[in-house]
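A look at the structure
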Amino acid sequence: GQNIDQPTEMTATEGAIVQINCTYQTSGFNGLFWYQQHAGEAPTFLSYNVLDGLEEKGRFSSFLSRSKGYSYLLLKELQMKDSASYLCAVRGGYRGSTLGRLYFGRGTQLTVWP
Amino acid sequence: DGGITQSPKYLFRKEGQNVTLSCEQNLNHDAMYWYRQDPGQGLRLIYYSQIVNDFQKGDIAEGYSVSREKKESFPLTVTSAQKNPTAFYLCASSSPTSGEQYFGPGTRLTVT
């Protein structure tokens with residue numbers, strides 16, 4: 001079976017740093033994605049990790065440890081527009097394949113206060 | 001511009017009626033997906049297709065049907081057998097290089 005866990009809700013203030021954790025137990029692993037979803041809208045891609053380590057992209061960074069089944073999304077210099085749901089998704093399938101389906105966590109609703 | 005379109009954005013139906021949700025992409029992606037999202041929930045996979053004329057059931061396929069006659073199109077039919085059809089439905093396609101999934105704007109279906 002597949003199990004992906006992330007906190008349901010988090011709050012932070014503008015300008016702060018927040019870390020959203022994701023742990024996973026899946027029968028196969030072929031990459032981990034983070035998506036941002038504003039209320040009533042489609043998810044948009046934030047980051048992708050397939051090897052251990054940190055991937056940085058502007059204010060957002062994502063970390064992966066495959067041996068621990070663990071990832072986090074780090075958001076720096078928070079802005080009000082960062083208030084959204086953040087979805088962690090693990091891709092199954094054959095190693096090296098890009099065809100595996102994604103297994104999504106329930107999402108972490110982040111609220112940024114002024 | 002390349003992308004995924006879903007129509008309509010809002011759809012209302014009476015219980016007992018079948019309804020078909022449209023999904024079209026011009027990204028030249030082989031793989032396409034249908035998800036359902038309920039309030040406070042993550043995305044649950046209904047059906048997916050990795051190539052034309054082929055598709056597989058996801059985790060919650062009961063009460064739904066799909067077809068994939070063209071690469072660009074992957075319509076989803078919500079049948080009267082689906083017990084709780086009211087939800088936000090998202091269609092996606094994935095890049096053959098990165099596997100990243102691109103999402104359409106979604107269709108919010110309300111069945112009363």
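Details of the structure are given in the entry above.
Residues numbered from 1 in each chain as written. Chains lettered and ligands numbered in written order. Predicted model: local features only at pLDDT ≥ 70, side-chain atom pairs only at ≥ 80, totals over all residues. Heavy atoms only, no water.

1. Things to note about the overall build of chain A
On a plain count of helices and strands, chain A comes out with 0 helices and 11 strands. The helix and strand sequence of chain A, counted from the amino end, reads β-β-β-β-β-β-β-β-β-β-β. In terms of overall dimensions, chain A is globule-like: its C-alpha atoms have a radius of gyration of 14 Å, near the 13 Å expected for 114 residues. Every one of the 114 residues in chain A was classed for burial, and the buried ones make up 48%. Of all intrachain contacts in chain A linking residues separated by at least 6 positions in sequence, the fraction that spans at least 24 positions is 56%. A total accessible area of about 5700 Å² is found for chain A, and carbon and sulfur atoms account for 50% of it. Taking the average location of the 10 positive side-chain charges in chain A and that of its 9 negative ones, the two points are 9 Å from each other. (Helix = DSSP H or I, 4+ residues; strand = E, 2+ residues; numbered from the N terminus. Rg over C-alpha atoms; globule rule 2.2 N^0.38 Å. Buried < 20%, exposed > 50% of the residue type's maximum accessible area, 1.4 Å probe, protein only. Contact = heavy atoms within 4.5 Å. Areas by Shrake-Rupley, 256 points an atom, 1.4 Å probe, with all protein chains shown as cover. Lys, Arg positive; Asp, Glu negative; His and termini not counted. Charge placed at Lys NZ, Arg CZ, Asp CG, Glu CD.)

2. Observations concerning the pattern of salt bridges
All names here are of chain A. Here the structure, examined in full by the defined rule, presents 7 salt bridges over all chains. Among the salt bridges present, the one from arginine 66 reaches aspartate 52, with a minimum N-O distance of 3.0 Å. With arginine 66 in the loop between β7 (60–65) and β8 (70–75) and aspartate 52 in the loop between β5 (44–49) and β6 (53–57), the pair connects residues that are 14 residues apart, well separated along the chain. You can call arginine 66 partly exposed: its relative accessible area is 37%. (Salt bridge = Lys/Arg side-chain N within 4 Å of Asp/Glu carboxyl O.)

3. Some words on the pairing of strand β6 (residues 54–57) of chain B
All names here are of chain B. Summarising the sheet, strand β5 (residues 43–51) and β6 pair through 3 bridges and their orientation is antiparallel. Of the residues in β6, the one forming a bridge with tyrosine 48 is glutamine 56. In textbook terms, the turn of a hairpin is the stretch between consecutive antiparallel strands, and for β5 and β6 this stretch comprises 2 residues, one of which, asparagine 53, has a positive phi near 65 degrees. (Pairing = 2+ DSSP bridges.)

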